[in-house]
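Summary of the model geometry
So the chains spell out like this:
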Number of protein chains: 2
Amino acid sequence: MTAPDAALIAATAERLAPVVRRTPLLSAPALDRIAGRRVLVKAECLQHTGSFKFRGGFAAVSALSEAERARGVLAWSSGNHAQGVALAARMHGVAAVIVMPSDAPRAKIDATRALGAELVLHDRAASREEIGARLIAERGLTLIRPFDDPQVIAGQASVGLELAVQASGEGVRDADVLVCCGGGGLTAGLALALEAAAPDLRVRPVEPEGFDDTARSLTAGTRLENTARTGLCDAILTPTPGQLTFPVLQRLCGPGLVVPDRDTLRAMAASFAHLKLVLEPGGAVALAAALFQPQSVAGDAVIVIASGGNVDRAVFTRALEEGD
Amino acid sequence: MTAPDAALIAATAERLAPVVRRTPLLSAPALDRIAGRRVLVKAECLQHTGSFKFRGGFAAVSALSEAERARGVLAWSSGNHAQGVALAARMHGVAAVIVMPSDAPRAKIDATRALGAELVLHDRAASREEIGARLIAERGLTLIRPFDDPQVIAGQASVGLELAVQASGEGVRDADVLVCCGGGGLTAGLALALEAAAPDLRVRPVEPEGFDDTARSLTAGTRLENTARTGLCDAILTPTPGQLTFPVLQRLCGPGLVVPDRDTLRAMAASFAHLKLVLEPGGAVALAAALFQPQSVAGDAVIVIASGGNVDRAVFTRALEEGD
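Criteria and cut-off values
Residues numbered from 1 in each chain as written. Chains lettered and ligands numbered in written order. Predicted model: local features only at pLDDT ≥ 70, side-chain atom pairs only at ≥ 80, totals over all residues. Heavy atoms only, no water. Helix = DSSP H or I, 4+ residues; strand = E, 2+ residues; numbered from the N terminus. Buried < 20%, exposed > 50% of the residue type's maximum accessible area, 1.4 Å probe, protein only. Contact = heavy atoms within 4.5 Å. Areas by Shrake-Rupley, 256 points an atom, 1.4 Å probe, with all protein chains shown as cover. Lys, Arg positive; Asp, Glu negative; His and termini not counted. Charge placed at Lys NZ, Arg CZ, Asp CG, Glu CD. Least-squares fit on C-alpha atoms with pLDDT ≥ 70 in both. Disulfide = S-S within 2.5 Å. Pairing = 2+ DSSP bridges. Axes fitted to C-alpha atoms, helices over the stretch in contact; angles between N-to-C directions. Domains from an automatic or database assignment. Buried area = accessible area lost by both parts, 1.4 Å probe. Polar contact = N/O pair within 3.5 Å; in protein donor to acceptor, adjacent residues only side chain to side chain. Salt bridge = Lys/Arg side-chain N within 4 Å of Asp/Glu carboxyl O. Nonpolar A, V, L, I, M, F, W, Y, C, P; charged D, E, K, R; others polar. Core = buried A, V, L, I, M, F, W, Y, C linked by side-chain atoms within 4.5 Å. Parallel < 35°, antiparallel > 145°, perpendicular 65-115°, else oblique. Left-handed = near helix turned anticlockwise from the far one by under 90°. Right-handed = clockwise from strand over helix to strand, strands pointing away.

Right, let's get into the overall build of chain A. Within chain A one finds 14 helices and ten strands. Taken across its 324 residues, chain A has 61% of its residues classed as buried. A fraction of 74% describes how many contacts in chain A between residues 6 or more apart in sequence connect residues 24 or more apart. Roughly 11300 Å² of accessible area belongs to chain A as shown, and the carbon and sulfur atoms make up 51% of that amount. Positive and negative side-chain charges in chain A, numbering 32 and 35 respectively, have mean positions lying 3 Å apart.

Structural data, given as structure tokens:
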């Protein structure tokens, strides 16, 4: 397998156009003041299922053969990929089995179940890959990987094709594009899309402190692992960059940024107050870097991909209380 | 003065098109399940300044003569019209004086001040009309009324022109359009725009319990007043329907709906969970009616105007806690 080429990205975008939301590129004077430059926020939390993951899920499910669709699909996920695959499967009349950690946010577990998927919850200590492999062998399911899949990366690339048009419409041609980064599917897709469509927009991955495998791997020139496994930003705690995604990031992305949880909570509060958007922690780290690390970013404007909004009430309330 | 005609609405829409956000029409399967029909939500909380009021403010300020602009404008407002006028004035280089109650939500006071307006805070017992009249006499300011102004109504009508296109794109031609209603500027503008552009979309005003002056006035055939003056839904507690707006509502709108505060808080929590949108109480009553009074609505689909999102943290946290 290799990362998607321009033809696959274009074909996938065409398949997605009638079903995905073209999410708005928002801004607020108060955020510009905090960051000291224009801040433009692509609101992927408004995508179907509350995160960009629906794009990759739909791309992958819609690319399956009739025989594969008849047998069903399987995904493992902390909750956003789960919902993206579950909705895409339902739209195609395909059965979906989702393997999720039992300590995933309640909002994600409930929403995935409500989309009609069969949930298999597991202890963090268990290997989701092993659980998945057993179910795949038993039932002939097709695995939809969360990021190391050319179709999934091509689906996420549609964010970049939309952004290229929107940024140009805002008069922004030369800017850093900060993106919340777990396994790198969105980051790689975005970078591949912008390489052709807007080469002066520089993609930069943003990660939480303690889960900066991508930033460290980019510096080291080789894929490194995190030691920690659980944290605030549940959506993007992937232990190591993907095999397909990392070479794309090495070739196309600027250095990674790393954000303390305290700033992530502050970014969630700022999004609440000034954008009227609900962001989850893993969907807010890019905004946190734009607002609170302005010295690490170049240009008169900065673009932020606000990648998801599936957050439990208690965590959101904490952000409003602590993030002032 | 009379309500705007189709020519004024069209001319205003053209002036607004390059500056207002064409807000998205959103949906979520979970909301459809609660309401028992398709629910489509026009997210005016994503408009500049966090509410639809920027449309009317920009329409009015951009219609002023050079001489009027040089002297400045004045508005009284509980906070959303304040911000709409303040931003519109700043964009035109016009000085703005805003008369606001001192117990308005902190978020609204701070945001209005941050937009460069001169704030005059007053006690609820004082008459904002008298305070405004004195300042207008002293400084030659032009009053921008919150709803009883043809330009302001024409500005709010742009919501309806956008909605007509979006609803048709969603395959919805025959539905109730529920709108949060204070003085009726948005309701009247919407109804006038849809009268020509989508005559099978029926506009229906929604108000909080205790502030149902519009619903009662429509039933009685004459403008009645509320007795209460303060409540949860600060944005839409206008004591009585407008002189310009009420005849429009009588001619074009269906019966009003009235929502208890408890359901408004539940709607805010549902918007958080399923739309990832921050709504203020006064911007959530229409969604509350769609979700929790389905028997009062006709059709396979219902359209909701989510008119604003300027809410203090404490009130939002209360909605998340109580609105479960």
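Residue and element names in this part refer to chain A. Among the secondary structure elements, Ala301 is positioned in strand S10 (residues 301–306). For the pair Ala301 and Pro205, spaced 96 residues apart in the sequence, the C-alpha separation amounts to 17 Å. The contacts of Ala301, once residues within four sequence positions are left out, are Arg37, Arg38, Val172, Ala175 and Asp176.

All right, on to the relation of the copies chain B and chain A then. Between chain B and chain A, the superposition needs a rotation of 180° and an axial shift of 0.0 Å, giving an RMSD of 0.0 Å. In the structure described here, the two chain copies are related by an operation that fits a two-fold rotation axis. Minimal C-alpha distance to the rotation axis in chain B is attained by Leu277 of chain B, lying at 2.6 Å.

Turning to the state of the cysteines, a few remarks are in order. Residues and elements named next belong to chain A. One pass over the full model with this rule turns up zero disulfides over all chains. Cys180 provides the cysteine sulfur closest to Cys45, a residue in no disulfide bond, and the two sulfurs are 10 Å apart. The closest cysteine sulfur to the non-disulfide-bonded Cys181 is located on Cys253, 7.7 Å from its own sulfur.

Residues and elements named next belong to chain B. The strand order across the open sheet built from six strands is S1-S2-S10-S7-S8-S9, with neighbouring strands paired in mixed fashion. The sheet is open, and its two edges are formed by strand S1 (25–26) and strand S9 (257–259), each paired on a single side. The strands touched by helix H9 (residues 185–197) are strand S7 (175–180), strand S8 (201–208) and strand S10 (301–306); relative to S7, the strand with the most contacts, the crossing angle is about 155°. Sitting on the sheet, helix H10 (residues 213–220) is in contact with S8 and S9, with an inclination near 125° to S8.

Now for the domain arrangement of chain A. By a frequent convention, interface size equals the accessible area lost on bringing the separate parts together. All names here are of chain A. Taken domain by domain, chain A holds domain 1 (6–52 + 150–322) and domain 2 (54–143). Taking only C-alpha atoms, the centre of domain 1 and the centre of domain 2 are 23 Å apart. Counting from both sides, the interface comprises 29 residues of domain 1 and, opposite them, 21 residues of domain 2. Buried area between domain 1 and domain 2, summed over both chains or domains, comes out near 1900 Å², and the portion from carbon and sulfur atoms is 58%. Of all residues in domain 1, Thr49, Asp234 and Asp312 give up the largest surface area on contact with domain 2, accounting jointly for 28% of the area buried on that side. At the boundary of domain 1 and domain 2, one finds 16 residue pairs in polar contact (both at pLDDT 80 or more).

This part takes up the interface of chain B and chain A. Counting residues at the interface gives 28 residues for chain B and 28 residues for chain A. Three residues, Phe272, Lys276 and Arg313 of chain B, lead the burial of chain B against chain A; their summed loss comes to 33% of the area buried on that side. Taken together, the links from chain B to chain A amount to zero salt bridges. The tally of links between chain B and chain A comes to ten residue pairs in polar contact (both at pLDDT 80 or more). Looking at the side of chain B that touches chain A, the elements that each hand over two or more residues are helix H2 (29–35), helix H12 (261–275) and helix H14 (313–322) of chain B. The dominant element in the side of chain B that touches chain A, judged by the number of residues it contributes, is H14 of chain B, at four residues. When grouped by side-chain class, the residues that make up the side of chain B that touches chain A number 15 nonpolar, six polar and seven charged.

This next bit is on the nonpolar core. Leu178, Leu277 and Phe316 of chain A together with Leu178 and Phe316 of chain B are the most contacted members of the largest nonpolar core, which totals 92 residues. The biggest single contributor to this core is helix H13 (residues 281–292) of chain B, with nine residues. The contact partners of Leu178 of chain B, leaving out residues within four places of it in the chain, are Arg204, Val206, Leu257, Ala286, Ala289, Ala290, Val297, Val302, Ile303, Val304 and Ile305 of chain B.

Quick look at the packing of helix H8 (residues 150–169) of chain B against H9 of chain B now. Residue and element names in this part refer to chain B. Orientation of H8 relative to H9, taken along the N-to-C sense of each, is 45°, at an axis distance of 7 Å. Put simply, H8 runs oblique to H9. When the axes of H8 and H9 are compared, the crossing they make is right-handed. Where H8 abuts H9, its residues Ile153, Gln156, Ala157, Val159, Gly160, Leu161, Leu163 and Ala164 lie against Gly185, Leu186, Ala188, Gly189, Leu190, Leu192, Ala193, Leu194 and Ala197. By residue class, the composition of the contact of H8 with H9 is 13 nonpolar, four polar and no charged.

Residues and elements named next belong to chain B. Positionally, Glu162 belongs in helix H8. Using a relative accessible area of 11% as the deciding quantity, one classes Glu162 as buried. Counting along the chain gives 35 residues from Glu162 to Ala197, while the straight-line C-alpha distance between them is 9.6 Å. Setting aside residues no more than four positions away along its own chain, Glu162 makes contact with Val20, Arg21, Arg22, Thr23, Lys42 and Arg55.

Applying the stated criterion across every chain yields a total of 38 salt bridges over all chains. As a salt-bridge pair, Glu162 of chain A and Lys42 of chain A come within 2.7 Å of each other at their nearest N and O atoms. In this pair, Glu162 of chain A sits in helix H8 (residues 150–169) while Lys42 of chain A sits in strand S2 (residues 38–43), placing the two residues 120 residues apart along the sequence. In terms of burial, Glu162 of chain A and Lys42 of chain A fall into one category: buried. Among the ionic pairs, Arg38 of chain B bridges to Glu170 of chain B, the shortest N-O distance being 2.8 Å. Placement of the pair is Arg38 of chain B in strand S2 (residues 38–43) and Glu170 of chain B in the loop between H8 and S7, with a sequence separation of 132 residues. Glu170 of chain B gets classed as partly exposed once you look at its relative accessible area, which sits at 36%. When salt bridges that share partners are traced, they join Lys42, Glu44, Arg55 and Glu162 of chain A into one network.

Here the focus is the pairing of strand S7 (residues 175–180) of chain A. Residues and elements named next belong to chain A. Across the six residues of S7, six count as buried, placing the element largely inside the fold. Every second residue of S7 is oriented toward a common face, with Ala175, Val177 and Val179 on one face and Asp176, Leu178 and Cys180 on the other, all of them buried. As a crossover connection, the stretch from S7 through helix H9 (residues 185–197) into strand S8 (residues 201–208) is right-handed. By the bridge criterion, four bridges tie S7 to S10 in an arrangement that is parallel. Following the sheet pairing, Leu178 is matched in S10 by Val304.

Here the focus is the side chain of Lys53 of chain A. All names here are of chain A. As for its position among the elements, Lys53 is in helix H3 (residues 53–62). Of the buried charged residues, Lys53 lacks a salt bridge, with Glu280 as the closest side chain of opposite charge at 10 Å. Not counting the four nearest positions on each side in its chain, Lys53 is found in contact with Asn80, His81, Gly84, Pro146 and Gln156.

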